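Commentary on secondary and tertiary structure
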Amino acid sequence: IYQCDWSSDVCSSDLGRRLPVSLNTSVQEIRWTSRGVSVVTDAGTIDAKVAVVTVPLGVLHAGAIKFTPALPAWMRDALAGMGMAGYTKILLQFRRPFDQLPGSWAAGKIAGRDGFSFWMNPGGHGVSHAIAGGAFARELELADADEAVDTALAALRAMLGSRIDKSFVEGTMTYWNQDPFSRGAWGFARPGQFHQRARLSRPVGGRIYFAGEANHPQFWSTAGGAMLVGSQVAKHIAARLHLL
């Protein structure tokens, strides 16, 4: 985890250095009362005064974490007002990068179906991104990975010609929609539900706080927005617990 001072372009890895972090530990239930919380994991139970929940909305929508007692109706409504976007990247490596198109974008539609947005050789490393969204992204992830790579390569070939085949090395893809720890790419507000972003940031019973990219009113769907919300929540909790 890195903390950066963008005014001086100085970054450090001190953020969270003193925090006890458990990897490969999944949360199954959060029990909350007026006195505190108990977080039940597959490695044991953690008792605390408050809990900050930063898992993606897709995990919450799937009920992967049980809340006991159930979350209040207003929070359930806020969560229901948000959806989880489908998004997939297929990465295509070439021996001879598209030097004439570095960092540029191109869009290609496949006959009778959706298509890709191509980010051509960003950074000059020889890897181009084929980006798909929505139902098409979810469809690609359910297919064989080689089939998805072939679909993206065919769409690029239709724009640039068969000469790209001689330079193609290999491809791979993301699986954010199928990942049980994300179940999608980022949170979006359903039509008429933008106000739910603010409601997501209201604490439940003074014990459970939700944070993440879905909460931020301006920088939603970004890692920066998630970090800003997390920092705000942490400061609020610290002040409430008289730690500042």
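Let me begin by describing the structure that accompanies this report. Each chain has its residues counted from 1, running along the sequence as written. Two thresholds apply to this predicted model, a pLDDT of at least 70 for residue-level local features and 80 or more for giving and counting side-chain atom pairs, whereas whole-chain, interface and lining totals are computed over all residues. Just so you know, side-chain values use all the structure's heavy atoms and leave hydrogens and water out.

**Section: the sheet that holds strand 12 (residues 127–133)**
Read from one edge to the other, the open sheet built from five strands follows the order 10-11-12-9-13, with strand pairing classed as antiparallel. On the outer flanks of this sheet lie strand 10 (105–109) and strand 13 (168–173), each paired with one strand and no other. On average, each strand axis in the sheet is tilted by 20° relative to the strand beside it, whichever way the strands run. Only strands joined by at least two bridges in the DSSP assignment are considered to pair. Segments assigned H or I by DSSP are reported as helices when at least four residues long, segments assigned E as strands when at least two residues long, and all are numbered from the N terminus. By the bridge criterion, seven bridges tie strand 9 (residues 87–94) to strand 12 in an arrangement that is antiparallel. Across the sheet, the residue bridging to Lys-89 is Ile-131, located in strand 12. Sheet strands touched by helix 4 (residues 145–160): strand 9, strand 10, strand 11 (115–119), strand 12 and strand 13. Its angle to strand 9, the strand with the most contacts, is close to 70°. In this analysis, axes come from line fits to C-alpha atoms, helices being fitted only over the stretch in contact, and the angle between any two N-to-C directions falls in the range 0 to 180 degrees. Two residues qualify as a contact provided that any one of their heavy atoms is within 4.5 Å of a heavy atom in the partner residue.

**Describing unusual backbone geometry**
Excluding glycine, most residues fall at negative phi; most peptide bonds, likewise, are trans. Of note, the bond from Thr-68 into Pro-69 is cis; its omega dihedral lies within 30 degrees of zero at -5°. Summarising the element assignment, Pro-69 is placed in the loop between strand 7 (66–68) and helix 2 (73–80). Phi at Asn-121 is positive, roughly 50°, even though this residue is not glycine. Along the polypeptide, Asn-121 turns up in the loop between strand 11 and strand 12. Classification of Asn-121 by relative accessible area gives buried; the value is 2%. Burial status follows relative accessibility: with a 1.4 Å probe on protein chains alone, a residue under 20% of its type maximum counts as buried, one over 50% as exposed, and anything between as partly exposed.

**Comments concerning the packing of aromatic side chains**
Between the rings of Phe, Tyr and Trp (Trp by its six-membered ring), a pair exists once the centres lie within 6.5 Å; its type follows the angle of the planes, with under 30 degrees stacked, over 60 edge-to-face, and the other angles tilted. For the structure on display, the rule yields seven aromatic pairs. Ring geometry for Tyr-87 against Trp-186: centres 4.7 Å apart, planes inclined by 50°, an arrangement best described as tilted. Placement of Tyr-87 in strand 9 and of Trp-186 in the loop between strand 13 and strand 14 (187–189) is noted, with a sequence separation of 99 residues between them. Tyr-87 gets classed as buried once you look at its relative accessible area, which sits at 18%. Aromatic side chains Phe-94 and Phe-168 sit 5.6 Å apart centroid to centroid with 65° between the ring planes, which places their arrangement in the edge-to-face category. Residue Phe-94 is found in strand 9, and its partner Phe-168 is found in strand 13; the two are separated by 74 residues along the sequence. Overall, the relative accessible area of 4% leaves Phe-94 in the buried class.

**Regarding the sheet that holds strand 3 (residues 27–32)**
Taking strand neighbours across the sheet as the criterion, the four strands line up as 5-4-3-7 in an open arrangement whose pairing is mixed. Either end of the sheet is taken by a strand with one partner, and the two such strands are strand 5 (44–48) and strand 7. If you compare each strand with its neighbour and ignore which way they point, the axes differ by 15° on average. In this sheet, strand 7 lies alongside strand 3 in parallel orientation, the contact comprising three bridges. Bridge pairing in strand 7 links Ile-30 to Phe-67.

**Topic: the side chain of Glu-29**
Take Glu-29: it is sitting in strand 3. Residue Glu-29 is classed as buried on the basis of its relative accessible area of 13%. In terms of polar contacts, Glu-29 uses its side chain to reach the side chain of Thr-68, at 2.5 Å. Residues within four places of Glu-29 in sequence aside, it is in contact with Ser-38, Val-39, Val-40, Ile-65, Lys-66 and Thr-68. A 3.5 Å cut-off defines polar contacts: any pair of N or O atoms within that distance qualifies, except that in protein one atom must be a possible hydrogen donor and the other a possible acceptor, and neighbouring residues in sequence count only when both atoms are side-chain atoms.

**Observations regarding a positive patch on the surface**
Patches here are clusters of residues that have more than 30% relative accessible area and form no salt bridge, with a 9 Å joining cutoff for like charges and a 5 Å cutoff for nonpolar side chains (Val, Leu, Ile, Met, Phe, Trp, Tyr). Values of accessible area rely on a 1.4 Å probe in the Shrake-Rupley scheme; residue burial ignores everything except the protein chains shown. Here a salt bridge means any side-chain nitrogen of Lys or Arg lying within 4 Å of a carboxyl oxygen belonging to Asp or Glu. Counted as positive: Lys and Arg. Counted as negative: Asp and Glu. His and the chain ends are not counted at all. Taken as the charge location is NZ of Lys, CZ of Arg, CG of Asp or CD of Glu. Positive charge collects at one region of the surface, where Arg-95, Arg-96, Arg-163 and Lys-166 lie side by side. Position of Arg-95 among the secondary structure elements: in the loop between strand 9 and strand 10. According to the relative accessible area criterion, Arg-95 is exposed, its value standing at 57%.

**Focus: the pattern of salt bridges**
Tallied over the entire structure, the rule returns two salt bridges. Glu-29 is the salt-bridge partner of Arg-31, the closest N and O atoms lying 3.3 Å from each other. Asp-165 is paired through a salt bridge with Arg-157; the nearest N and O atoms lie 3.0 Å apart. Look at Asp-165 and you get partly exposed, because its relative accessible area is 33%. With a relative accessible area of 29%, Arg-157 lands in the partly exposed category.

**Topic: the environment of Ala-135**
Inspection of the secondary structure assignment puts Ala-135 in helix 3 (residues 134–142). By relative accessible area, which is 61% here, Ala-135 ends up exposed. Along the primary structure Ala-135 and Ala-85 are separated by 50 residues, whereas in three dimensions their C-alpha atoms are 9.2 Å apart.

The values reported here are purely geometric and, on their own, carry no functional implication.
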